[in-house]
Every structure is written in C-alpha cells, then in structure tokens.
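One-letter residues, chain by chain:
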Amino acid sequence: MESNRLRAAGEAICLLVLSQIMAHVGVAVLISVAPLLFFAIRHGRKPAYILIAVSVLVNLAFFGFQGLFGLGKEGIAILIINMYIPLSLSAAGIVWLGTKGRNTMGRLFLTLIPSVVFLGASAGFFLSDMALLENIRTGYENAFAAVIGPVIEGLLPGVDPSILAYSILVVFMSLLFPVLLCGICASCFIYETAKHSRESDWEEKVVNLEYSSDAVWGFIISWALVLLMRFVSAPLLLWIAVWNLALVWTVIYAIEGFSVVFARLRRRSPALRSMALLIMVLVLGTFVPGINFIVLIGLPLLGVLESFFDLKKQGGKNENHS
C-alpha cells in the first residue's frame, strides 16, 4: 500500500513538473493541462482534480515569486492577466473529466464556460477602476512599442505603434475563445487517446464522431452575424463577441472535418492512427506554406458538409465518445 502511494506521488510530481514546463514554453501552454489529465487514467478523477488544483497554486506561486504580490491593485491586475489562460485551461480539464458520458459537442461547450466566467469577473475588476485600466493599457502599449517599435518602423515607416498595438489587442480578443478551445480539444484528445489506447474500437469511435444535424445552424447563424456586422454599426465588444462565437463553431466543425478525413484515409490505410494523422496535420499546417490555409478552411467545411452528406460513407455512427 505504501509503495503504491509513493508511486502515485512520484507520478503526480513528474506530471506536475512536465505541465509546468509546458505552461511556460510558448504555445505549449495550450496543452499544458494534458499531462495532468493523464493522472486520472490510473488514479481516477478526484485525484486528478486535486493535481490540477495544485498546478494552479504552483502557477500562482510562480508569478508571486516574480514580485507580482505586494504591488497593490496593479499587481493583482497583472496577476489576473497572466493567470487567465492557465486557469481557464485547468478549469476546462476539470469540466472535461466531470462530464464523462455526455456528447462531445456538449462537453466542449461546457469546457468554455469557466473561461467566460473568468473573463466576466476580470472585466468587472478592471472596469471598477478606470485609472487602473488605463495604466495597464499604457504599460503594455509602451512595452509593445519598445520591443516591436523598431521593427515596425523599418517595415512600415510612419505607422503609429500605439494604433498597431490596439489593433493586435482587438484581434487577440477576437481569437481568445477559439484559441482556448483549440488547446482544450488537443489536450482532451491526447488524454482520451492515451486512455483508450488499448481498446480496439477507439479509432472507430474517432471515425464515427457525428454531431446532431440541427447543430449546423449554430455555425450558419454565427457566420451570418459576422456578415451582418459588416453592414451595421455595432459596439466593438459585440463585434468581438460575434467573431469569438463564429470561430468557436468553426473549431467545433473542424473536429468533425478531421473525423471525415480520418475516415476516408482509414478506408485506404486501416493501420493509420488518429493521433498520427493529427500530428501530421499540425506539422504540415504549421511548416508547409499554403497547407495552413487548406487546413483552416477545409476541415470546418468538411465538417459542415458532413451534416448534409455522408462524406464518410460509413454506417452505424455514434455520437457518444467519452
């Protein structure tokens, strides 16, 4: 019994360290919760919840050691900004584990709810002190100008760095939830593949992924709203919200598009594995010019078309892939 506890503690520490390393290495932060989910495979959901909570505390301590605590309201504001993505992804991991048995689309939307709540709470904090908000905005704008300004001056002479910084902020906010969802999808898929790796029918479950045919209206309506924004005057926050909604639906249907591609390729190469195809798509989409455009447009389009036509040409589809 004691040896089992020590082994579990050792696994927890190793997974926690790996997660923390990923959380501080560029875009790897988007899948930093995946190692923590692995703990649930051998030890159950409750121990995994605890490990994820510990990871959040470690992140708080990390930023605390950087001197963010004790700086008053501005320090708290910077801490909120730095913790938003790790906290959102950690909460998404807990939600994914806790919603086992639900349909895939429902689980994915549920994983985004904590991110929305955290954003609302953060917005309330910042809007409660407009002077603080202005100081934070000015600080990031000055940092952007100091780091990127010389490069921009060389490439685009005459462009005001502050306007460019504002534009980048708007684009970032418009992509916030779709990017988070991409990280959540990748983490959960890695976890589920590891969990079901010894099951002979796992790859067939990936092939048979299917949404309700009525769900496609969410995709259509959200993009109709994006088009409407081009012809009517709307507040910036509404514009950002609409873009987030449309791109979240796009990510959702890119998942089904991936399933379509996998189903077609698997008919020709039965030995093909979904994780191998995912890695291949990510590598080609990242490093091969032109392929990224095909991936970004093609996968969601295939997913939407699958709602109207049986592109997989398979029978016996099943939506529950927990």
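Owing to the predicted nature of the structure, the values given are computational and were not obtained by experimental measurement.

1. What about the nonpolar core?
Thought 1: If you look at the biggest cluster of nonpolar residues, it comprises 38 residues, and the most contacted ones within it are Leu51, Leu97, Met105, Leu181, Trp249, Ile252 and Tyr253.
Thought 2: The element best represented in this core is helix 7 (residues 161-195), accounting for eight residues.
Thought 3: Setting aside anything within four residues of it in sequence, one finds Leu97 in contact with Leu37, Ala40, Arg45, Ala48, Tyr49, Ile52 and Tyr191.
Thought 4: Listed in part, the 13 residues of the second largest apolar core include Phe258, Ala263, Leu272 and Leu278.

2. Structural notes on the packing of aromatic side chains
Thought 1: The tally for this structure, following the rule as stated, stands at nine aromatic pairs.
Thought 2: Pairing Tyr211 with Tyr253 gives two aromatic rings, centres 5.4 Å apart and planes at 90 degrees, and the pair type is edge-to-face. Taken together, the positions of Tyr211 in the loop between helix 8 (202-207) and helix 9 (216-229) and Tyr253 in helix 10 (residues 236-268) put the pair 42 residues apart, joining distant regions of the chain. Of the two residues, Tyr211 and Tyr253, neither departs from the other in class, the shared state being buried.
Thought 3: By the ring-pair criterion, three or more aromatic residues cluster together here, those being Phe109, Tyr211, Phe219, Trp249 and Tyr253.

3. Thoughts on the confidence of the model for the protein chain
Thought 1: Scored by pLDDT, the protein chain comes out at a mean of 86, with 90% of its residues at no less than 70.
Thought 2: Here helix 6 (residues 130-155) stands out as the least confident element of the protein chain, with mean pLDDT 75; helix 9 is the most confident, with 95.
Thought 3: The low-confidence segment residues 314-322 (pLDDT under 50) makes 32 contacts with residues lying over four places distant or belonging to another chain.

4. Considerations on helix 11 (residues 274-287)
Thought 1: Between its terminal C-alpha atoms helix 11 stretches 20 Å, which fits the 20 Å expected from 14 residues at 1.5 Å a residue.
Thought 2: The complete set of buried residues in helix 11 reads Ser274, Leu277, Leu278, Val281 and Gly285. Mapping the buried residues of helix 11 onto a view down its axis gives an arc of 100 degrees, with all of them on the same face. Those residues of helix 11 that are exposed and aimed more than 90 degrees away from the buried face are Thr286 and Phe287.
Thought 3: Those residues of helix 11 hidden inside the fold are in contact with helix 7, helix 8, helix 10 and helix 12 (291-306).

5. A few points about the packing of helix 9 against helix 10
Thought 1: Where helix 9 contacts helix 10, the two axes come as close as 9 Å, and the packing angle between them is 145 degrees. Along this stretch, helix 9 crosses helix 10, giving a crossing that reads as left-handed. Along the contact surface, helix 9 presents Val216, Gly218, Phe219, Ser222, Trp223, Leu225, Val226 and Met229, while helix 10 presents Leu238, Trp239, Val242, Trp243, Leu245, Ala246, Leu247, Trp249, Thr250 and Tyr253.
Thought 2: Looking at the contact of helix 9 with helix 10, its residues break down into 15 nonpolar, three polar and no charged.

Cut-offs used in this document
- Residues numbered from 1 in each chain as written.
- Predicted model: local features only at pLDDT ≥ 70, side-chain atom pairs only at ≥ 80, totals over all residues.
- Heavy atoms only, no water.
- Core = buried A, V, L, I, M, F, W, Y, C linked by side-chain atoms within 4.5 Å.
- Buried < 20%, exposed > 50% of the residue type's maximum accessible area, 1.4 Å probe, protein only.
- Helix = DSSP H or I, 4+ residues; strand = E, 2+ residues; numbered from the N terminus.
- Contact = heavy atoms within 4.5 Å.
- Phe/Tyr/Trp six-rings, centres within 6.5 Å; stacked < 30°, edge-to-face > 60°.
- pLDDT = per-residue confidence, 0-100.
- Expected span 1.5 Å × (residues − 1).
- Arc of directions from axis to C-beta.
- Axes fitted to C-alpha atoms, helices over the stretch in contact; angles between N-to-C directions.
- Left-handed = near helix turned anticlockwise from the far one by under 90°.
- Nonpolar A, V, L, I, M, F, W, Y, C, P; charged D, E, K, R; others polar.

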